[in-house]
Amino acid sequence: MNPIEPKLIRGVQELQAWSDQARCDGRRVALVPTMGALHEGHLSLVRLAREHGDRVVVSIFVNPTQFGVGEDLAKYPHDLTGDLAKLRALGVDVVFAPAADEMYPPGVAPAWVEVEHLTRGLCGRSRPGHFRGVTSVVARLFNAARPHVAIFGQKDYQQLRVISALSRALLFGVEIVAGPTVREPDGLAMSSRNAFLGAEARQQALSLNAALREVRRLHREGEREAAYLIEVARGRIEKEELAEIQYIELCDADTLEPLERIEGPAVMALAVFFEGTRLIDNTLLEAE
């Protein structure tokens, strides 16, 4: 059977009309929001979307409002032709690839959406305004695609929690499904930004997963003191001369509040620069 050519939609109204028809036909619409430059991590989310819906929309939009001053918006990779080829092989129904002025109409006063209680720490502390941009564009995507379910990766754990709260708080009624972190064979979490790493930085970045594995081992063996687990992770990563740690934190898995001692499900999250490229990773520490 030949791969299905996805329908490429550029306009919000056209996507709304397509989704409305799919809903009228009794179809369950699943949305996978991306910024393009698709890798296996993204494609795993598309496969998961097919399990949760029978019409799949993948959005490709590099959202300018979630990038801060000095961040990598200008050099963020673009490859729509390659992305379409990958999605064609997975039987995606629609690719929504709008221009910036379609999502943020010129001449219209900007409207922002914020989830304050989950964005004070972690990436929210180190990237002011980032999550306001994320939640604002996701709200627009939900209004454009009108999905029943949306798929987000667990690698961006804070984003996953924030979007889940957004859907509930604003009554979107969109079910949020988490896709597990996909890793390279050597353990590095897949990211579009990995392409910016030189050979030495790429090798040293393996320390992130190594640190998280060590923390998981200690947790399984009964260690519950957050400060000690954070110090173990820090010590492993600081062995690498190119590593510049932005944060390593251990938080409640639901509230994202910092913990002193693990009493229930927790998440260790970290952000580290290697030669100017910012990588994030995390691990869940659940009750045995």
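Scroll up to find the structure this text is about.
Residues numbered from 1 in each chain as written. Predicted model: local features only at pLDDT ≥ 70, side-chain atom pairs only at ≥ 80, totals over all residues. Heavy atoms only, no water.

1. Regarding unusual backbone geometry
Apart from glycine, the bulk of residues carry a negative phi angle, and the bulk of peptide bonds sit in the trans form. Under the convention used in this document: The numbering of helices and of strands both runs from the N terminus, where a helix is a DSSP run of H or I of at least 4 residues and a strand a run of E of at least 2. Three exposure classes are used, based on accessible area relative to the maximum for each residue type with a 1.4 Å probe and protein chains only: buried under 20%, partly exposed in between, and exposed over 50%.
With a phi angle near 50 degrees, Leu-122 is a residue other than glycine that sits in the positive phi range. By the secondary structure assignment, Leu-122 is in the loop between α4 (100-103) and α5 (123-126). Given a relative accessible area of 4%, Leu-122 falls into the buried group. You will see that Leu-171, though not glycine, has its phi angle at about 60 degrees, which is positive. In this structure, Leu-171 sits in the loop between α7 (157-169) and β6 (175-179).

2. Quick notes on the sheet that holds strand β2 (residues 29-34)
Using the following cut-off: Two strands are counted as paired when DSSP detects at least two bridges linking them. Fitting a line to C-alpha atoms yields each axis, with helices limited to the stretch in contact; the angle taken between N-to-C directions then spans 0 to 180 degrees. We call two residues in contact whenever any of their non-hydrogen atoms come within 4.5 Å of each other.
The parallel open sheet is built from six strands, whose spatial order is β1-β4-β3-β2-β5-β6. Unpaired on one side and paired on the other, β1 (7-9) and β6 mark the two borders of the sheet. Ignoring strand direction, the axes of neighbouring strands in this sheet form an average angle of 25 degrees. As judged from the three bridges shared by strand β3 (residues 55-60) and strand β4 (residues 94-96), these two strands associate in the parallel manner. Looking across to β4, one finds that Ser-59 is bridged to Phe-96. Against the sheet, helix α1 (residues 12-24) makes contact with β1, β2, β3 and β4, and its axis sits at roughly 135 degrees relative to β1, the strand it touches most.

3. Details of the pairing of β2
To keep it simple, the criterion reads: A clockwise course of the path from the first strand over the helix to the second, judged with the strands pointing away from the viewer, identifies a crossover as right-handed.
Counting buried residues along β2, six of its six residues qualify, which places the element largely inside the surrounding structure. Residue alternation in β2 divides its side chains into two sets, Val-29, Leu-31 and Pro-33 and Ala-30, Val-32 and Thr-34, and both sets are buried. Where β2 and β3 come together, six bridges link them in parallel fashion. Residue Leu-31 lies in a different strand from β3, and its bridge partner there is Val-57. Remark: the β2/helix α2 (residues 40-52)/β3 crossover connection has right-handed handedness.

4. Examining the nonpolar core
Rule in force here: Working definition of a nonpolar core: buried Ala, Val, Leu, Ile, Met, Phe, Trp, Tyr and Cys residues. They are joined through side-chain atoms within 4.5 Å.
Within the largest apolar cluster, 45 residues are counted, with the highest numbers of intra-cluster contacts made by Leu-15, Phe-96 and Phe-142. Counting residues per element, the ones that place at least two in this core are α1, β2, β4, α6 (130-145), β5 (149-153), α7, β7 (243-252) and β8 (266-274). Of all the elements, α6 adds the most residues to this core, at nine residues.

5. Topic: the packing of helix α9 (residues 206-220) against helix α10 (residues 226-237)
The description of two helices packed together rests on the angle between their axes and the distance between the axes. Here is the rule we go by: The cut-offs work like this: below 35 degrees is roughly parallel, past 145 is roughly antiparallel, 65 to 115 is roughly perpendicular, and the gaps in between are oblique. If you view the pair so one helix is near and one far, a crossing is left-handed when the near helix is turned anticlockwise from the far one by less than a right angle, and right-handed when it is turned clockwise. For this classification, Asp, Glu, Lys and Arg are treated as charged, while Ala, Val, Leu, Ile, Met, Phe, Trp, Tyr, Cys and Pro are nonpolar and the rest, including Gly, are polar.
Packing of α9 against α10 brings their axes to within 9 Å, and their N-to-C directions diverge by 150 degrees. One way to sum up the angle between α9 and α10 is to call them roughly antiparallel. The element α9 and its partner α10 pack so that their crossing is right-handed. For the pair formed by α9 and α10, the contact residues are Ser-207, Leu-208, Ala-210, Ala-211, Glu-214, Val-215 and Leu-218 on the first element and Tyr-228, Leu-229, Val-232, Ala-233, Arg-236 and Ile-237 on the second. Among the residues forming the contact of α9 with α10, the class breakdown is ten nonpolar, one polar and two charged.

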